[in-house]
Amino acid sequence: PTPTAKMLAVTVALLSLVGGDAASRLCISRRGFLGTAAAIASPLAAHAVPARTGPNSLFNGEYDDPKHPGCLRSVKVGGAPLLPDGRRSRKPQALVAGVDKACTGAPEIGDVWKLTGSVSEDGEKIFIDFSPKGGPKDLLGVWDGDGIKFPDGNKWTKVPSGTPGRRPKP
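Residues numbered from 1 in each chain as written. Predicted model: local features only at pLDDT ≥ 70, side-chain atom pairs only at ≥ 80, totals over all residues. Heavy atoms only, no water.

### Things to note about the packing of aromatic side chains
Then, number 1: Taken as a whole, this structure holds four aromatic pairs when the rule is applied.
Then, number 2: Summarising the aromatic geometry, the rings of Phe-59 and Trp-143 are spaced 5.7 Å apart at their centres and angled 85° between planes, so their arrangement reads as edge-to-face. With Phe-59 in the loop between helix 3 (30-45) and strand 1 (61-64) and Trp-143 in strand 6 (residues 139-143), the pair connects residues that are 84 residues apart, well separated along the chain.
Then, number 3: Consider the rings of Phe-150 and Trp-156, whose centres lie 5.1 Å apart with planes at 65°: the pair is edge-to-face.
Then, number 4: Take Phe-150: its relative accessible area is 6%, and that puts it in the buried class.
Then, number 5: Note on Trp-156: relative accessible area 3%, which makes it buried.
Then, number 6: The structure contains a cluster of three or more aromatic residues connected by ring pairs, namely Tyr-63, Phe-150 and Trp-156. (Phe/Tyr/Trp six-rings, centres within 6.5 Å; stacked < 30°, edge-to-face > 60°. Helix = DSSP H or I, 4+ residues; strand = E, 2+ residues; numbered from the N terminus. Buried < 20%, exposed > 50% of the residue type's maximum accessible area, 1.4 Å probe, protein only.)

### Quick look at the pattern of salt bridges
Then, number 1: A full pass over the atoms with the stated rule returns 13 salt bridges.
Then, number 2: When the shortest N-O distance is used, the salt bridge between Arg-73 and Asp-65 registers 3.1 Å.
Then, number 3: For the salt bridge of Asp-146 with Lys-155, the shortest nitrogen-to-oxygen distance reads 2.4 Å.
Then, number 4: Residue Asp-146 is classed as partly exposed on the basis of its relative accessible area, which comes to 37%.
Then, number 5: Residues joined by salt bridges that share partners form a network here, namely Asp-65, Arg-73, Asp-100 and Lys-133. (Salt bridge = Lys/Arg side-chain N within 4 Å of Asp/Glu carboxyl O.)

### Re the sheet that holds strand 4 (residues 113-119)
Then, number 1: Read around the closed barrel, the eight strands follow the order 1-2-3-4-5-6-7-8; overall the barrel is antiparallel. Each adjacent strand pair in this sheet contributes to an overall mean axis angle of 30°, direction not counted.
Then, number 2: Across three bridges, the pairing between strand 4 and strand 5 (residues 125-128) is antiparallel. Across the sheet, residue Ser-118 finds its bridge partner in strand 5, namely Phe-127. (Pairing = 2+ DSSP bridges. Axes fitted to C-alpha atoms, helices over the stretch in contact; angles between N-to-C directions.)

### Looking at the nonpolar core
Then, number 1: By size, the foremost hydrophobic cluster in this structure holds 16 residues, and its most contacted members are Phe-59, Val-75, Ile-126, Ile-148 and Trp-156.
Then, number 2: Of all the elements in the fold, those that place two or more residues in this core are strand 2 (73-77), strand 3 (93-98), strand 4 and strand 5.
Then, number 3: In terms of residue count, strand 4 provides more of this core than any other element does, three residues in total. (Core = buried A, V, L, I, M, F, W, Y, C linked by side-chain atoms within 4.5 Å.)

### Digging into empty space enclosed by the protein
Then, number 1: Overall, the coordinates contain one cavity of 30 Å³ or more when judged by the stated rule.
Then, number 2: Approximately 30 Å³ is the volume attributed to the largest cavity.
Then, number 3: Around the largest cavity, the lining residues are Gly-70, Cys-71, Leu-72, Val-99, Ala-102, Cys-103, Gly-105, Pro-107 and Arg-166.
Then, number 4: In terms of residue class, the lining of the largest cavity is made up of six nonpolar, two polar and one charged. (1 Å grid on protein atoms, 1.4 Å probe; cavity = no way out; pocket = protein on both sides within 12 Å on 5 of 7 lines; lining within 4 Å. Points joined across faces, edges and corners; volume = space filled by probe spheres on them. Nonpolar A, V, L, I, M, F, W, Y, C, P; charged D, E, K, R; others polar.)

### Considerations on the pairing of strand 1
Remark: a regular strand shows side chains that alternate across the two faces of the sheet.
Then, number 1: Strand direction decides the pairing type here: strand 1 and strand 2, joined by two bridges, are antiparallel. Following the sheet pairing, Gly-61 is matched in strand 2 by Val-75.
Then, number 2: In this sheet, strand 8 (residues 155-159) lies alongside strand 1 in antiparallel orientation, the contact comprising three bridges. Counted as the bridge partner of Asp-64 is Thr-157 from strand 8.

What follows is the structure, given as structure tokens:
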């Protein structure tokens with residue numbers, strides 16, 4: 001059983017011990033019971049695993065793209081953006097950069113395209129906005145053990161040591 005199910009079982013057991021007149025004095029109704037159960041279980045929800053950001057994200061790093069050999073492909077996962085109501089989004093932002101031409105040596109900074117995206121709450125999927133390059137707005141990429149697999153079958157394979165020779169000149 002999950003921790004929430006265990007806590008709910010404990011709550012039911014405790015409330016059943018109250019019994020008879022005591023239960024009515026405590027105003028144990030279905031609404032009251034569910035409120036109590038939620039209050040007891042809510043600390044468990046605080047332990048939910050959020051999507052990782054920065055160097056801890058699966059997606060953070062540099063990649064080989066078989067459709068553009070030797071070209072820069074970089075993904076940086078940062079924190080979650082603020083929403084209009086002042087709360088933080090549950091999806092961390094991703095910045096994706098790359099080059100599609102002249103992929104021998106370090107590119108010029110003006111040749112680097114930059115895209116934005118977000119990482120799913122479970123940290124296993126990335127949604128990249130390729131619309132500035134004429135592509136889809138929310139292209140789904142799924143972590144596939146050692147890289148990002150896209151719906152068209154293309155896979156960017158992560159380069160563990162990075163690709164410093166593909167980064168733009170300062």
